[in-house]
Number of protein chains: 2
Amino acid sequence: MRKGILYVVSGPSGAGKGTVMQHFLPRHPGMFYSISATTRAPRVGEEDGVNYYFMEKDDFLRLRSADGFLECAEFCGNFYGTPKEAVMEKLSMGIDVLLEIEVQGALQVMDSYPEGIFIFIVPPSMEELRSRLVGRKTEEQSVIETRLDRAKEELRLADRYTYIVVNDVAERAAEELEAITTAEEAKSERKFEFVKENLL
Amino acid sequence: MRKGILYVVSGPSGAGKGTVMQHFLPRHPGMFYSISATTRAPRVGEEDGVNYYFMEKDDFLRLRSADGFLECAEFCGNFYGTPKEAVMEKLSMGIDVLLEIEVQGALQVMDSYPEGIFIFIVPPSMEELRSRLVGRKTEEQSVIETRLDRAKEELRLADRYTYIVVNDVAERAAEELEAITTAEEAKSERKFEFVKENLL
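All values derive from a computational prediction rather than experimental measurement.

**A word on helix H6 (residues 141-155) of chain A**
Residue and element names in this part refer to chain A.
Piece 1. In a regular helix each residue adds 1.5 Å, so 15 residues correspond to 21 Å; H6 covers 21 Å between its end C-alpha atoms and thus fits that length.
Piece 2. Every buried residue of H6 is listed here: Ile144, Leu148, Ala151, Glu154 and Leu155. The buried residues of H6 occupy an angular sector of 125° when projected down its axis, which confines them to one face. In this structure, H6 carries Thr146, Asp149 and Glu153 as exposed residues pointing more than 90 degrees from its buried face.

**Quick notes on the environment of B:Glu89**
All names here are of chain B.
Piece 1. Within the secondary structure layout, Glu89 lies in helix H3 (residues 84-92).
Piece 2. In this structure Glu89 comes out as partly exposed when scored by relative accessible area, which is 43%.
Piece 3. Put simply, Glu89 and Glu189 are 100 residues apart on the chain and 21 Å apart in space, counted from C-alpha to C-alpha.

**Topic: the relation of the copies chain B and chain A**
Piece 1. Rotating chain B by 180° and moving it 0.0 Å along the rotation axis overlays it on chain A with an RMSD of 0.0 Å. The two molecules are tied by a two-fold rotation axis, judged by turn and shift. In terms of proximity to the rotation axis, the leading residue of chain B is B:Ala179, whose C-alpha is 2.2 Å off the axis.
Piece 2. Interface overlap between copies is the fraction of interface residues in one copy that are interface residues in the other; for chain B against chain A it reaches 100%, indicating a shared surface.

**What about the sheet that holds strand S6 (residues 78-83) of chain A?**
Residue and element names in this part refer to chain A.
Piece 1. Ordered in space as S4-S3-S6-S5, the four strands form an open sheet in which the pairing is mixed. Lying at the two open borders of the sheet, with one neighbouring strand each, are strand S4 (53-54) and strand S5 (69-75).
Piece 2. Here strand S3 (residues 37-38) pairs with S6 via two bridges, running antiparallel. Looking at S6, one finds that Thr38 is bridged to Tyr80.

**Things to note about the nonpolar core**
Piece 1. Among the nonpolar cores identified, the biggest contains 42 residues, and A:Val20, A:Ile119, B:Val20 and B:Ile119 are the most heavily contacted of them.
Piece 2. Element by element, the count of residues in this core is highest for helix H7 (residues 170-186) of chain A, at seven residues.
Piece 3. Beyond its immediate chain neighbours, meaning those up to four positions away, A:Ile119 contacts A:Tyr7, A:Val8, A:Val9, A:Ser10, A:Tyr161, A:Tyr163, A:Val165, A:Leu177 and A:Ile180.

**A short note on helix H7 (residues 170-185) of chain B**
Piece 1. Between the first and last C-alpha of H7(B) there are 23 Å, a value that for 16 residues agrees with the 22 Å anticipated at 1.5 Å per step.
Piece 2. If you check which residues of H7(B) are buried, you get B:Ala170, B:Ala173, B:Ala174, B:Glu176, B:Leu177, B:Ala179, B:Ile180, B:Thr181, B:Ala183 and B:Glu184.

**Focus on the packing of H7(A) against H7(B)**
Piece 1. In contact at an axis separation of 8 Å, H7(A) and H7(B) are set at 110° when each is read in the N-to-C sense. In terms of orientation, H7(A) lies roughly perpendicular with respect to H7(B). Seen from H7(A), the contacting residues are A:Glu176, A:Ala179, A:Ile180, A:Thr182, A:Ala183 and A:Ala186; seen from H7(B), they are B:Glu176, B:Ala179, B:Ile180, B:Thr182 and B:Ala183.

**Quick word on the interface of chain B and chain A**
Piece 1. Of the residues lining the interface, 30 residues belong to chain B; the matching set on chain A comes to 30 residues.
Piece 2. Both sides of the chain B and chain A interface together cover about 2700 Å² of buried area, and 73% of this is carbon and sulfur.
Piece 3. Summed over the shared surface of chain B and chain A, the result is zero salt bridges.
Piece 4. At the boundary of chain B and chain A, one finds six residue pairs in polar contact (both at pLDDT 80 or more).
Piece 5. Listing elements by their share of the side of chain B that touches chain A, those giving two or more residues are helix H6 (141-155), strand S9 (163-166), H7 and helix H8 (188-198) of chain B.
Piece 6. Counting residues per element, the side of chain B that touches chain A draws most heavily on H8(B), at six residues.
Piece 7. Of the residues belonging to the side of chain B that touches chain A, the class tally is 19 nonpolar, five polar and six charged.

**Concerning unusual backbone geometry**
Residues and elements named next belong to chain A.
Piece 1. One non-glycine residue with positive phi stands out, namely Asp67, at about 60°.
Piece 2. Relative to the helices and strands, Asp67 resides in the loop between helix H2 (57-65) and S5.
Piece 3. For Asp67, a relative accessible area of 51% translates into the label exposed.
Piece 4. One non-glycine residue, Cys76, lies in positive phi territory at about 50°.

**A closer look at the pattern of salt bridges**
Piece 1. As enumerated under the stated definition, the model contains 28 salt bridges over all chains in all.
Piece 2. With its nearest N and O atoms 4.0 Å apart, the salt bridge here joins A:Lys196 to A:Glu193. You can see A:Lys196 and its partner A:Glu193 sitting in helix H8 (residues 188-198), three residues apart, about one turn around the helix.
Piece 3. Taking relative accessible area as the criterion, A:Lys196 reaches 44% and is therefore assigned partly exposed.
Piece 4. Note that B:Lys187 and B:Glu184 form a salt bridge whose closest N and O atoms lie 3.3 Å from each other. Across the pair, B:Glu184 and B:Lys187 agree in class, each one buried.

What counts and how
- Residues numbered from 1 in each chain as written.
- Chains lettered and ligands numbered in written order.
- Predicted model: local features only at pLDDT ≥ 70, side-chain atom pairs only at ≥ 80, totals over all residues.
- Heavy atoms only, no water.
- Helix = DSSP H or I, 4+ residues; strand = E, 2+ residues; numbered from the N terminus.
- Expected span 1.5 Å × (residues − 1).
- Buried < 20%, exposed > 50% of the residue type's maximum accessible area, 1.4 Å probe, protein only.
- Arc of directions from axis to C-beta.
- Least-squares fit on C-alpha atoms with pLDDT ≥ 70 in both.
- Contact = heavy atoms within 4.5 Å.
- Pairing = 2+ DSSP bridges.
- Core = buried A, V, L, I, M, F, W, Y, C linked by side-chain atoms within 4.5 Å.
- Axes fitted to C-alpha atoms, helices over the stretch in contact; angles between N-to-C directions.
- Parallel < 35°, antiparallel > 145°, perpendicular 65-115°, else oblique.
- Buried area = accessible area lost by both parts, 1.4 Å probe.
- Salt bridge = Lys/Arg side-chain N within 4 Å of Asp/Glu carboxyl O.
- Polar contact = N/O pair within 3.5 Å; in protein donor to acceptor, adjacent residues only side chain to side chain.
- Nonpolar A, V, L, I, M, F, W, Y, C, P; charged D, E, K, R; others polar.

Rendered as structure tokens:
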């Protein structure tokens, strides 16, 4: 049976991964969007199993010891990660899975699941990235500079991904992502199965 | 400077390469559609430089000896081939090139230009392939059987291509081909140039 494809969407903060996803996901209801687990407390309005799977720290660390995460990391004393089991189960059922994760997490998945398709979302320019970060109005100037420096560091890693999508306009970028999934379906290592079953 | 991409579209006779091309090419006026050279005489209505480059046999063989073809073959005493120089010139200018050629020719290009993108067009079923060959009404029954046998042989080679596109409906297949070109543009080995020039 056809195995599902694991798509890993990543990119620097401010590149607009979330907005691209908002355009892409509703058109792909058959794709499983993997939700991260975290040990941080839910914020107002956040729901367990919707925004995150909220976990106790002990449970998280136990699962991590048992190699139960495709990727995980600690930020500001809280743990975040992608539980492996649900993803592997969907893939084995032939269901495509999409992870939207941080760059460091994506690098971990490249090691743990190299057959994944890794997509790096980048801004069209650094000026645009800056204005998007400023536009959020939630960050101080020094935080913005730190994020821009970090974005530059992450952008240097873009060539380790399978694809790079420039997010100039989110809807167009989502269409490019869609073209990528269409092309991946047509890869001969996947489509040869169809030829064998129907034409030989 | 960005180098052009060589797309090689191939597939068994009757798979509908030509019809897919008729939907695809008008939407990609910037792509260079390479015309084959042949030593056979022009048929009524055929124009030099439009349908084929018509060549004298001596000139063809001289060019072949000078390694001047990306691929070439002999059918029924006539030679057919893709002149290398024009293709290489376009690619070096950053122009994408599309070849629509026979399966044996495509296998030769895999050797001579492995960085090409090889796309195999297949029919949705053998019944449909048969009815397309019958529908042409230009062939006798025995010729059709020979073509079907040959198609089966060629279909076994589909996994050597980069992509396999099922031509159920030519317009849909052309859209899939379009998605493939969009995805190839987004490959990180090509798009990283954009990141280096604009974001680093």
